[in-house]
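One-letter residues, chain by chain:
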Amino acid sequence: HTQGRWEELHGNYILRPPPSQPPRALLHFLGGALVGASPQLTYRYLLERLSSNGYLIVATPYQLSFDHLTTCDEIIDKFEKVAPMLAREYGAVPVVGVGHSCGSLLHVLITSLFPDTPRAANALLSYNNRGVGEAVPFFEELIVPLFSDKERN
């Protein structure tokens, strides 16, 4: 399924470099917490510019969860469904994890905890390793009560 230059494959969004240019690297992109579910829309300008400059982009959407290991497993499952096909098409290219905000945290976890998912490097944008209560203003006052009330009803 394609939308403009974007191609949807196995739950990932793919942007290919110009046909006349072999990819400089494969950038596996994970967006931030609230916008990570639609990286092909929310990071469109950035990712299309990178693609136009010779990078093969794989943007993997994910659903926000505080169960980061399950989220990482789901991301890896999606990515591994397209990586072999892209490797056959383009040959061996370095894989660079690129993450914004929560996407940075997820790439750190993937690189640290899943050694069978090698990365040449990670590019982490606005990485934050604080607990959610420290990182999100008014989390305890506003967000926690919302979820607490849901579970009681």
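This report concerns the structure included in the present document. Every value quoted in this text rests on a predicted model; they were computed, and no experiment measured them.

### A word on the overall build of the protein chain
From N to C terminus, the protein chain includes six helices and seven strands. Ordered by position in the sequence, the α and β elements of the protein chain form the string β-β-β-β-α-α-β-α-β-α-β-α-α. Within the protein chain, residue pairs in contact and separated by at least 24 positions form 74% of the contacts whose partners lie at least 6 positions apart. Only carbon and sulfur atoms are counted for the fraction: they give 57% of the accessible area of the protein chain, which is about 9000 Å².

### Quick look at the pairing of strand 6 (residues 95-100)
Burial analysis of strand 6 places five of its six residues in the buried class, which makes it a mostly covered element. The sheet contact formed by strand 4 (residues 26-30) and strand 6 spans five bridges and is parallel. Counted as the bridge partner of His-28 is Gly-97 from strand 6. Note: strand 6 against strand 7 (residues 121-125), five bridges, orientation parallel. Among the inter-strand pairings, His-100 is bridged to a residue of strand 7, identified as Leu-125. Crossover handedness for the path strand 6 to helix 4 (residues 102-113) to strand 7: right-handed.

### Here's the deal with the packing of aromatic side chains
Counted according to the given criterion, the structure contains two aromatic pairs. Where Trp-6 meets Tyr-13, the ring centres are 6.5 Å apart and the plane angle is 75 degrees; that geometry is what we call edge-to-face. Residue Trp-6 shares its accessibility class with Tyr-13, and that shared class is buried. Positioned above the aromatic ring of Phe-79 is the side chain of Arg-119, whose terminal nitrogen or guanidinium carbon lies 5.1 Å from the ring centre.

### Things to note about helix 2 (residues 44-52)
If you check which residues of helix 2 are buried, you get Leu-47, Glu-48 and Ser-51. Across the axial projection of helix 2, the buried residues extend over an arc of 100 degrees, all falling on one side. If you follow the buried residues of helix 2, they end up packed against strand 2 (6-9), strand 3 (12-15), strand 4, helix 1 (39-42) and strand 5 (56-59). Downstream of helix 2 by one or two residues, Gly-54 has phi in the positive range, about 100 degrees.

### Some thoughts on the state of the cysteines
Scanning all chains against the criterion turns up zero disulfides. The structure places no disulfide on Cys-72, whose sulfur is separated from the nearest cysteine sulfur, that of Cys-102, by 8.7 Å.

### Topic: a nonpolar patch on the surface
Where nonpolar side chains cluster on the molecular surface, the patch consists of Leu-34, Val-35 and Leu-64 and spans about 290 Å² of accessible area. Within the fold, Leu-64 resides in the loop between strand 5 and helix 3 (68-90).

### Here we look at the pattern of salt bridges
Inspection of every chain in the model, using the stated rule, returns three salt bridges. Ionic pairing is found between Arg-16 and Glu-7, a salt bridge with its closest N-O pair at 3.1 Å. A salt bridge links Arg-44 to Glu-48; its shortest N-O distance comes to 3.1 Å. Placement of both Arg-44 and Glu-48 in helix 2 is noted, with a separation of four residues, approximately one turn of the helix. Judged by relative accessible area, which is 46%, Arg-44 ranks as partly exposed.

Cut-offs and rules
Residue indices follow the written sequence of each chain, beginning from 1 at its first position. Reporting of local features is limited, given that this is a predicted model, to residues whose pLDDT is at least 70; pairs of side-chain atoms are given and counted only at 80 or more, and all residues count toward the totals for whole chains, interfaces and linings. Think of the side-chain values as coming from all heavy atoms in the structure, minus any hydrogens and water. Helix and strand definitions follow DSSP, with helices as H or I runs of at least four residues and strands as E runs of at least two, each counted in order from the N terminus. In this description, contact between two residues means that some pair of their heavy atoms is separated by no more than 4.5 Å. For accessible areas, the Shrake-Rupley method is used with a probe of radius 1.4 Å. Any residue's cover is judged against the shown protein chains and nothing else. Per-residue accessibility, obtained with a 1.4 Å probe over protein chains only, is compared with the maximum for each type, and a residue is labelled buried under 20%, exposed over 50%, and partly exposed between these values. Whether two strands pair depends on DSSP finding at least two bridges between them. A right-handed crossover is one whose linking path, passing over the helix from the first strand to the second, runs clockwise when the strands point away from the viewer. Ring pairs are drawn from Phe, Tyr and Trp, using the six-membered ring of Trp, whenever the two centres fall within 6.5 Å, and their geometry is named by plane angle: stacked under 30 degrees, edge-to-face over 60, tilted for the rest. Geometrically, a charge over a ring is one whose NZ (Lys) or CZ (Arg) sits within 6 Å of the ring centre while staying within 35 degrees of the ring normal. In this context, the arc is that of the directions from the helix axis out to the C-beta atoms. Disulfide: a pair of cysteine sulfur atoms within 2.5 Å of each other. Candidate patch residues must exceed 30% relative accessible area and have no salt bridge, after which like charges are joined if within 9 Å and Val, Leu, Ile, Met, Phe, Trp or Tyr side chains if within 5 Å. Here, a salt bridge means any side-chain nitrogen of Lys or Arg that lies within 4 Å of a carboxyl oxygen of Asp or Glu.

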